[in-house]
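The residues making up each chain are set out below.
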Amino acid sequence: MQLTVWTYEGPPQVGAMRVATAMEGLHYVIHAPQGDSYADLLFTMIERRAKRPPVSYTTFQARDLGTDTAELFQSAARDVYERFQPQALLVGSSCTAELLQDDPGGLAKALNLPIPVVPLDLPSYQRKENWGAAETFYQLVRVLCSPHAPKPGEARPARAAGTESEGVKPRCNLLGPTALGFRHRDDVAEITKLLGELGIEVAVTAPLGASPADIARLGEADFNVVLYPETAGQAAGWLKRTFGQPFTTVVPIGYGATRDFIKEVAQLAGVDPAPLLDGVRSRLPWYSRSVDSTYLTGKRVFIFADATHAVAAARIATEEFGFQVVGLGTYAREFAREVREAAKRYGVEPLITDDYLEVEAKVAEAHPELVLGTQMERHIAKRLGVPCAVISAPVHVQDFPARYSPQMGFEGTNVIFDTWVHPLMMGLEEHLLTMFRKDSEFHEAPSHLGAAVAPPLAAEVPPAAPDRAAPGAVSDTVPSAQPAASPSGSVAPPASPAPAALIWAPEAEKELHKIPFFVRGKARRNTERYAAERGVSLITVDTLYDAKAHFGR
Amino acid sequence: MSGLAAVPRSTVPSGCGELAVLRERGQREVFCGLAGIVWLHRKIQDAFFLIVGSRTCAHLMQSAAGVMIFAEPRFGTAIIEERDLAGTADANAELDRIVARLLERRSDIRLLFLVGSCPSEVIKLDLNRAAERLDHAYTGRGVRVLSYSGSGLETTFTQGEDACLAALVPHMPAEAADAPPSLLVVGALADVVEDQFGRLFSDLGIGPVRYLPARHADDLPPVGPNTRVLMAQPFVSDTVRALEQRGAKRLVAPFPFGAEGTTAWLAAAADAFGVPAERFRTVTALGQERAKRALARYRGELEGKRIFFFPDSQLEIPLARMLARELGMTLTEVGTPYLHRQNLAAELALLPADVVLSEGQHVESQLDRCRAARPDLVVCGLGLANPLEAEGLTTKWSIELVFSPIHGYEQAGDLAEVFARPLLRRARLEV
């Protein structure tokens, strides 16, 4: 058993739902008890989808267990076919039904429905959401594309509609976007446009927006673009083996990565990338060079996210913002290798965990000046008084903005520049704040950090009102958002390794308070570390400045 | 109390009403009983709820509790893994290890609930025995360990609270046989509502008054033959039955929603405690008047409007009664996940004779009926609300009715406003 309070990923059937809900003309029948239908609200409330997910639950109860739950599944599947007339059916179990061993796949086959039935075997007690999405997409692709696969030993048939010299464009598929994906909707639009500029046509985007009939013709394209390896990697591998379609390995998040992606795609498609690479397509390079960005130099950044976004963020942070990566990790164990390799490149210890308390401890320990993470890390950062930008799922209603806001391609780099820089103070603002901090008009905390700026590590949360009024379902703007009382305060990791014997002389304490608040925590920690390492127990003004001289700013 | 404006109690039937009920079996769009933890962990301030379940249970809690309420809540999940199922790990030993770790982290916990889930029930993990064992082990540290089931196989949404409270009943101290009559209000109420009722009971001269659940684990109220039980929520049937088995007497009353319901509910207690009619009138007059005034503000908006309830919390019938009688709304269909006729007898008697009641759910059929009825307002869960809005229907999230204070005189206006707001909003928008 594993003790969890919050989790980064849901169970694998939620991953399957993300694929089913992304598609048209598909229905998912899931053998599940009452309560598992909670997952519907993720789509209708968090993503604000206007349609219910195409998912039906058998809703078996205790009294059914003694009788025939298999029959319950069959009648549910039959009803779904009659009511929704899908082109294909996904069938599977949730964690509880898995224990009943009813075999939804076999039961559905026995119904002889005139449509393809794709059985899902998602081991709930071993696997999680992203794996479930990848496996579901893979199974769909395998079942629906297999009838069109060339026979073993035979070559793929030549493209039907003529050759490139006759004006036929190279064609690719975009693989990986799902429902409830972090900015997937806008990424697809951005990359489709980018490929269009290269003269490449997108044949099928899947699963998002595709029908089973679309999936069946995936094999017709020249190559595949893997947007999200977490969901599409497995399917792309199978398509390569079966149809000989190569696939892209660069994920176009960030300026450098987008350029690398263009080169890779151009090579696969046999087109010239130069016109696209020569133009100035993003504001990021200039904005990063503008003097106002000088303050970004060497800012210490902690990154934790799904693997794709985490690795991309580390590169952007280092090469395109001039930050220093002080932490890099992921909750996606399936991609631990990729993240470990990246961590090695940036000289940090990789953090592979799905225990958010461990992440919190590591963030506190690393003293970053910016956290790039998920909504979980946003809360961790809030508690620690550190600015944060969200770069990955698990998603929140905020991650589905009304405006166009991709992460990929050149527009994605513009969005990322703004998103990451906003929580920080701008260069001139930072400068003025230091100059005028004694002014009585001036409050110490810049307004955009709000009341969240607590002294780092002393982040004790006041007990919430014991009122019953608590939770809203999705948003953290409802009263529930107030942190639930945590009287023990045990969440906050130990303040610092400094022994309790360390004492600040009153003048030193006073001097410390003359230091701007946003570096004060760091100054305090550095000084205490300096004192502890030298066995100094009384911190004086001199100790403070000695430490400053030792560590630098 | 003949002058009482509310229901003449003589007409309150004790058995079932004549209303026909449409019973349905099929897909349900209702949370399971685990979701009750979301408010119970806030209400019982030193309790911790440890779900013994799957990743789905943990994810459900996260989604139901507001995906990202942060800080460490007083609930968590012991996720059953492959090795627990394969028998390579002794589930009981695993549970002991997790509880030890938890109690080490959280020294503030006085009451620990092991909460059963669908998977723990299917694999027949005996949490009752586990709780007994752990209770014995930790009793010296002042921690009580109890268990109940919140599984979707056994419970629907608010029944989780019922199961939790019922688990407390055997541990309530016995009230002395010669103790003066006491009142026990059953069902979690917002603290502010509890305090309002407390003042009214005190003005009526009713006492002692106690509440289940109490705000602290150590304050479990006593129970005995002189305890009079007043249900504050319609879904606490098992708890009340357990209390009756310990000798307590149940008072029959409608539920305290709106001016009428609140008055009738207080009257049931006043009757049982022999409060003179004149005193009852005097004490409740101001509250009644305020509640009616507050309701009147929304009557124009709601009168004659047709409302459809999808099943969710078992609050549907009392709410429908209040909306029909005090605000003039027309009931199309009132769905409830579970209908306890005895506990709702007083409510059923007050419903219009032509109301369509449905129990259980077949969500597709019910959606068909809802679309056909084209009601002005649909009360439904979060999974259905946006899709129905997209079809042009106006909806109210049922969950808000469970999570906000809606009981009593002072909340009557707020309750009406909850239903009026979606209509006002739709009228206001020009996009």
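Residues numbered from 1 in each chain as written. Chains lettered and ligands numbered in written order. Predicted model: local features only at pLDDT ≥ 70, side-chain atom pairs only at ≥ 80, totals over all residues. Heavy atoms only, no water.

A.B. asks: Which parts of the structure should I look at to understand the overall build of chain B?
C.D. replies: Counting its secondary structure elements, chain B contains 17 helices and 14 strands. Counting across all 431 residues of chain B, residues that qualify as buried make up 65%. Element-wise, carbon and sulfur atoms account for 50% of the exposed surface of chain B, whose accessible area totals about 14,700 Å². In chain B, which carries 47 positive and 53 negative side-chain charges, the distance between the mean positions of the two groups comes to 2 Å. (Helix = DSSP H or I, 4+ residues; strand = E, 2+ residues; numbered from the N terminus. Buried < 20%, exposed > 50% of the residue type's maximum accessible area, 1.4 Å probe, protein only. Areas by Shrake-Rupley, 256 points an atom, 1.4 Å probe, with all protein chains shown as cover. Lys, Arg positive; Asp, Glu negative; His and termini not counted. Charge placed at Lys NZ, Arg CZ, Asp CG, Glu CD.)

A.B. asks: Teacher, can you tell me more about the packing of helix α7 (residues 129-145) of chain A against helix α10 (residues 229-243) of chain A here?
C.D. replies: Each packed pair of helices is defined by two parameters, the angle between the axes and the distance between the axes. All names here are of chain A. The N-to-C vectors of α7 and α10 enclose an angle of 25°; their axes lie 6 Å apart at closest approach. Viewed along their axes, α7 and α10 adopt a mutual orientation that is roughly parallel. For the pair α7 and α10, the crossing hand works out as right-handed. Along the contact surface, α7 presents Asn130, Ala133, Ala134, Glu135, Phe137, Tyr138, Val141, Arg142 and Cys145, while α10 presents Glu230, Thr231, Ala232, Gln234, Ala235, Trp238, Leu239 and Phe243. For the contact of α7 with α10, the residue count by class is 11 nonpolar, 3 polar and 3 charged. (Axes fitted to C-alpha atoms, helices over the stretch in contact; angles between N-to-C directions. Parallel < 35°, antiparallel > 145°, perpendicular 65-115°, else oblique. Left-handed = near helix turned anticlockwise from the far one by under 90°. Contact = heavy atoms within 4.5 Å. Nonpolar A, V, L, I, M, F, W, Y, C, P; charged D, E, K, R; others polar.)

A.B. asks: Hey, could you run me through the pairing of strand β11 (residues 330-336) of chain B in this one?
C.D. replies: In summary, the side chains of a regular strand alternate between the two faces of the sheet. Residues and elements named next belong to chain B. Taken across its 7 residues, β11 has 6 buried, putting it largely inside the fold. Summarising the sheet, strand β10 (residues 306-309) and β11 pair through 4 bridges and their orientation is parallel. In the sheet register, Phe309 faces β11, and the bridge partner there is Val334. What joins β10 to β11 is helix α12 (residues 316-327), and the crossover it makes is right-handed. Looking at chain direction, β11 and strand β12 (residues 356-360) are connected through 4 bridges and run parallel. Of the residues in β12, the one forming a bridge with Val334 is Leu357. (Pairing = 2+ DSSP bridges. Right-handed = clockwise from strand over helix to strand, strands pointing away.)

A.B. asks: Teacher, can you tell me more about the interface of chain A and chain B here?
C.D. replies: Often, the extent of an interface is quoted as the loss of accessible area upon association of its parts. The interface is formed by 86 residues belonging to chain A together with 87 residues belonging to chain B. For the pair chain A and chain B, the summed buried surface comes to about 7,600 Å²; carbon and sulfur atoms form 58% of the total. Between chain A and chain B we count 6 salt bridges in total. Across the salt bridge formed by Glu29 of chain B and Arg52 of chain A, the nearest N and O atoms sit 4.0 Å from each other. Sort the elements by how many residues they give to the side of chain A that touches chain B and helix α2 (residues 40-46) of chain A lands first, with 6 residues. Its residues assigned to classes, the side of chain A that touches chain B comprises 43 nonpolar, 23 polar and 20 charged. (Buried area = accessible area lost by both parts, 1.4 Å probe. Salt bridge = Lys/Arg side-chain N within 4 Å of Asp/Glu carboxyl O.)

A.B. asks: Where do I start with the environment of Ile109 of chain B in this structure?
C.D. replies: Residues and elements named next belong to chain B. Structurally, Ile109 can be placed in the loop between α4 (91-105) and β4 (111-116). Here Ile109 falls in the buried class, since its relative accessible area comes to 2%. Linking Ile109 and Gly142, residues 33 residues apart in sequence, is a C-alpha distance of 8.9 Å. Residues in contact with Ile109, not counting those within four places in the same chain, are Asp46, Phe48, Leu102, Leu103 and Val143.

A.B. asks: Could you clarify how one ought to interpret the pattern of salt bridges in this entry?
C.D. replies: If the charged atoms of two oppositely charged side chains come close together, the side chains can form a pair. What the rule picks out here adds up to 51 salt bridges over all chains. Taking the shortest distance from any N to any O, the salt bridge between Asp368 of chain B and Arg83 of chain A comes out at 2.9 Å. On the criterion of chain membership, the pair formed by Asp368 of chain B in helix α14 (residues 363-373) and Arg83 of chain A in helix α4 (residues 69-84) is interchain, its members lying in two chains. Residue Asp368 of chain B is classed as partly exposed on the basis of its relative accessible area of 34%. Counted as one network, the salt bridges with shared partners bring together Arg52 and Arg83 of chain A together with Glu29, Glu364, Asp368, Arg371 and Glu391 of chain B.

A.B. asks: Looking at this structure, I do not really get the sheet that holds strand β1 (residues 21-24) of chain B. What am I missing?
C.D. replies: Paired through their backbone hydrogen bonds, the strands of a sheet run either parallel or antiparallel. Residue and element names in this part refer to chain B. Pairing is parallel across the open sheet formed by 6 strands, whose spatial order is β1-β12-β11-β10-β13-β14. The sheet terminates laterally at β1 and β14 (395-397), the two strands that pair on one side only. Strand-to-strand, the axes of this sheet are offset by a mean angle of 20°, without reference to chain direction. Two elements, β10 and strand β13 (residues 377-380), share 3 bridges in a ladder whose sense is parallel. Across the sheet, residue Ile307 finds its bridge partner in β13, namely Leu377.

A.B. asks: Mind showing me how you'd approach the packing of helix α8 (residues 184-197) of chain A against helix α11 (residues 255-269) of chain A here?
C.D. replies: Residues and elements named next belong to chain A. One way to put it is that α8 packs onto α11 with a least axis distance of 11 Å and a crossing angle of 50°. One way to sum up the angle between α8 and α11 is to call them oblique. In this structure, α8 crosses over α11, and the sense of that crossing is right-handed. Between α8, through Ile191, Leu194 and Leu195, and α11, the contact on the second element is made entirely by Thr258, Phe261, Ile262 and Val265. Residue classes in the contact of α8 with α11 are distributed as 6 nonpolar, 1 polar and no charged.

A.B. asks: Help me understand the UniProt feature "binding site: substrate" (unreviewed entry) in chain A in this model?
C.D. replies: The UniProt feature table records "binding site: substrate" (unreviewed entry) at Gly427 and Leu428 of chain A. With respect to the helices and strands, Gly427 of chain A occurs in helix α19 (residues 427-435). (UniProt positions renumbered as here; feature names shortened; annotations may be inferred.)

A.B. asks: Teacher, can you tell me more about the confidence of the model for chain A here?
C.D. replies: Caution is warranted with low-pLDDT regions, since their predicted coordinates should not be read in detail. Per-residue pLDDT for chain A has a mean of 87; in total, 85% of the residues score no lower than 70. For residues 450-498 of chain A, every residue scores under 50 in pLDDT, and the model assigns this stretch 118 contacts once sequence neighbours within four places are set aside. (pLDDT = per-residue confidence, 0-100.)

A.B. asks: Looking at this structure, I do not really get empty space enclosed by the protein. What am I missing?
C.D. replies: Empty pockets left among the atoms are what a rolling probe the size of a water molecule brings to light. With the rule as written, the count across this model stands at 13 cavities of 30 Å³ or more. Of the pockets and cavities examined, the largest cavity occupies roughly 190 Å³. Contributing to the lining of the largest cavity are 19 residues, with Tyr8, Glu129, Pro394 and Val395 of chain A together with His59 of chain B lying nearest its centre. For the lining of the largest cavity, the secondary-structure elements that each account for two or more residues are α1 (12-22), α2 and α7 of chain A together with α2 (55-64) of chain B. Looking at the lining of the largest cavity, the element that brings in the most residues is α2 of chain B, giving 3 residues. Here the lining of the largest cavity is composed, by residue class, of 10 nonpolar, 6 polar and 3 charged. By volume, the second largest cavity is sized at about 150 Å³. For the lining of the second largest cavity, the residue count by class is 6 nonpolar, 4 polar and 2 charged. (1 Å grid on protein atoms, 1.4 Å probe; cavity = no way out; pocket = protein on both sides within 12 Å on 5 of 7 lines; lining within 4 Å. Points joined across faces, edges and corners; volume = space filled by probe spheres on them.)

A.B. asks: Just to check I follow, could you spell out the packing of aromatic side chains for this structure?
C.D. replies: The way to describe two aromatic rings as a pair is by their centre distance and the angle between their planes. In the structure shown here, the tally under the stated rule is 20 aromatic pairs over all chains. Considering the side-chain rings of Phe201 of chain B and Trp265 of chain B, the 5.9 Å spacing of their centres and the 50° angle between planes classify their relative orientation as tilted. In this pair, Phe201 of chain B is assigned in helix α8 (residues 191-204) and Trp265 of chain B in helix α10 (residues 258-272), connecting sequence segments 64 residues apart. Following the ring pairs from residue to residue traces out a cluster consisting of Tyr287, Phe321, Phe323, Phe417 and Trp420 of chain A. The ring centre of Phe182 of chain A lies 4.9 Å from the NZ or CZ of Arg183 of chain A, which sits over that ring. Stacked on the ring of Trp504 of chain A, the Lys or Arg Arg524 of chain A has its end atom at 5.2 Å from the ring centre. (Phe/Tyr/Trp six-rings, centres within 6.5 Å; stacked < 30°, edge-to-face > 60°. Lys NZ or Arg CZ within 6 Å of the ring centre and 35° of its normal.)

A.B. asks: Before we go on, may I ask you to explain the environment of Gln245 of chain A in this structure?
C.D. replies: All names here are of chain A. Summarising the element assignment, Gln245 is placed in the loop between α10 and α11. With 73 residues separating them in the primary sequence, Gln245 and Cys172 have C-alpha atoms 9.2 Å apart. Not counting residues up to four positions away in its chain, the partners in contact with Gln245 are Arg156, Asn173, Leu218, Gly219, Glu220, Ala221, Asp222, Phe223, Asn224, Leu239 and Lys240. At 2.8 Å, the side chain of Gln245 and the backbone oxygen of Leu218 are in polar contact. Here Asn224 takes part through its side chain, which lies 3.2 Å from a polar atom of the side chain of Gln245. (Polar contact = N/O pair within 3.5 Å; in protein donor to acceptor, adjacent residues only side chain to side chain.)

A.B. asks: Help me out: how do you make sense of the domain arrangement of chain B in this one?
C.D. replies: Domain boundaries in chain B define domain 1 (33-155), domain 2 (182-277) and domain 3 (294-429). On a C-alpha basis, the centroid separation for the pair domain 1 of chain B and domain 3 of chain B is 33 Å. (Domains from an automatic or database assignment.)

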